[in-house]
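Architecture at a glance
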Amino acid sequence: MAEGIHFYEPAQGHGLAHDPFNALVAPRPIGWISSRSSEGTLNLAPYSFFNAFNYIPPIIGFSSIGYKDSVRNAQETGEFCWNLVTRSLSDAMNQTCAPVGPEVDEFALAGLTPRPSRIISPPHVAESPVTLECRVSQVLQLSGADGKKVDTWVVFGEVVGVHIAQQLLKDGIYDTAAAEPVMRGGGPADYFTLDAGQKFQMHRPK
């Protein structure tokens, strides 16, 4: 083993105080997903495994460890929204992490306002400055390298509607830092945000 390197095989355990995996792949944008059950119950939950995967058509996806309400709702209705978590909404987002039953409306639990979407049925978080309305394109159960299925489900959705608060558009360009997005770090409770002082630019080689 190289000097100064902690190496481990995940199947054999990491040997540390806390599993470092999701701290290494970090910070990650948060998939704050709003959905509606086939019976009409609203659901709002954050997922730390989330990202964008395609430009045209725009496709995003979130991963759920366990077949949770968001996955079931998305699969049954074919729709969900992604809501941007900002610094001012971080406490409310954390409230929606609560392990409650599927009959509980997390909008009400966290004191948030469900705003009707333009194209799809599930509402979005009115307090969030950015929302993506999505129609489900794929739901995949993950497998390990040995081909065995694991209890993790990835929901991909095509973005069919985009909401952006006007104050975040500067000369027609979205100001990422001005939104103060919150991202998931590692450890049991680490989160990050960013500001304009951390921005730098690099243009692709021609």
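Keep in mind the model is a prediction, meaning the values are calculated, not measured.

A large share of strand β3 (residues 42-47) lies buried, amounting to 6 of its 6 residues. Neither face of β3 is left uncovered, since the one carrying L42, L44 and P46 and the one carrying N43, A45 and Y47 both have all their residues buried. The pairing of strand β2 (residues 31-36) with β3 spans 6 bridges and is antiparallel. Across the sheet, S35 pairs through a bridge with N43, a residue of β3.

This brings us to the packing of aromatic side chains. In this description, a pair of aromatic rings is defined by centroid distance and the angle of the planes. Taken as a whole and assessed by the stated rule, the structure comprises 5 aromatic pairs. When the ring of F50 is compared with that of W82, the centres are 5.4 Å apart and the planes differ by 5°; the resulting orientation is stacked. A residue pair is termed long-range when its members are at least 10 positions apart, and F50 in strand β4 (residues 50-54) and W82 in strand β6 (residues 79-83) qualify at 32 residues. Note on W82: relative accessible area 10%, which makes it buried. These aromatic residues form a ring-pair network of at least three members: Y47, F62 and F80. Above the plane of the ring of Y191 lies R184, whose end atom (NZ or CZ) is 4.7 Å from the centre.

The subject of this paragraph is the nonpolar core. Counting 20 residues, the largest nonpolar core has I60, F62, F80 and W82 as the members making the most contacts within it. Counting only elements with at least two residues in this core, the list comes to β3, β5 (59-65), α2 (69-77), β6, β9 (130-143) and β10 (149-164). Residues I30, W32, A110 and V125 belong to the second largest nonpolar core, which totals 13 residues.

In this structure, the largest pocket occupies an estimated 740 Å³ of space. Mapped onto the lining of the largest pocket, the elements with two or more residues apiece are β4, β5, β9 and β10. Of all the elements, β4 adds the most residues to the lining of the largest pocket, at 4 residues. Classifying every residue of the lining of the largest pocket gives 21 nonpolar, 3 polar and no charged. Roughly 550 Å³ of volume is contained in the second largest pocket. The wall of the second largest pocket is formed by 24 residues, among which A45, P46, Y47, K68 and C97 lie closest to the centre. Counting only elements with at least two residues in the lining of the second largest pocket, the list comes to β3, β5 and α2. Residues that form the lining of the second largest pocket fall into these classes: 12 nonpolar, 7 polar and 5 charged.

With that settled, consider the pairing of β2. Among the 6 residues of β2, 5 are classified as buried, and the element is accordingly described as predominantly covered. Once β2 ends, the chain turns through 5 residues before running back antiparallel as β3, passing G40 with a positive phi of about 105°. Looking at chain direction, β2 and β6 are connected through 3 bridges and run antiparallel. Bridge pairing in β6 links W32 to N83.

Any two side chains of opposite charge can pair if their charged atoms end up close together. All told, the structure shown has 2 salt bridges when counted by the stated rule. Notably, a salt bridge pairs R72 with D69, separated by 3.0 Å at the nearest N-O pair. Of this pair, R72 and D69 are both found in helix α2, 3 residues apart, which corresponds to roughly one turn of the helix. Here D69 falls in the buried class, since its relative accessible area comes to 16%. For the salt bridge of D175 with K170, the shortest nitrogen-to-oxygen distance reads 3.3 Å. Residue class for D175 comes out partly exposed when judged on its relative accessible area of 26%.

Rules behind the numbers
- Residues numbered from 1 in each chain as written.
- Predicted model: local features only at pLDDT ≥ 70, side-chain atom pairs only at ≥ 80, totals over all residues.
- Heavy atoms only, no water.
- Buried < 20%, exposed > 50% of the residue type's maximum accessible area, 1.4 Å probe, protein only.
- Helix = DSSP H or I, 4+ residues; strand = E, 2+ residues; numbered from the N terminus.
- Pairing = 2+ DSSP bridges.
- Phe/Tyr/Trp six-rings, centres within 6.5 Å; stacked < 30°, edge-to-face > 60°.
- Lys NZ or Arg CZ within 6 Å of the ring centre and 35° of its normal.
- Core = buried A, V, L, I, M, F, W, Y, C linked by side-chain atoms within 4.5 Å.
- 1 Å grid on protein atoms, 1.4 Å probe; cavity = no way out; pocket = protein on both sides within 12 Å on 5 of 7 lines; lining within 4 Å.
- Points joined across faces, edges and corners; volume = space filled by probe spheres on them.
- Nonpolar A, V, L, I, M, F, W, Y, C, P; charged D, E, K, R; others polar.
- Salt bridge = Lys/Arg side-chain N within 4 Å of Asp/Glu carboxyl O.

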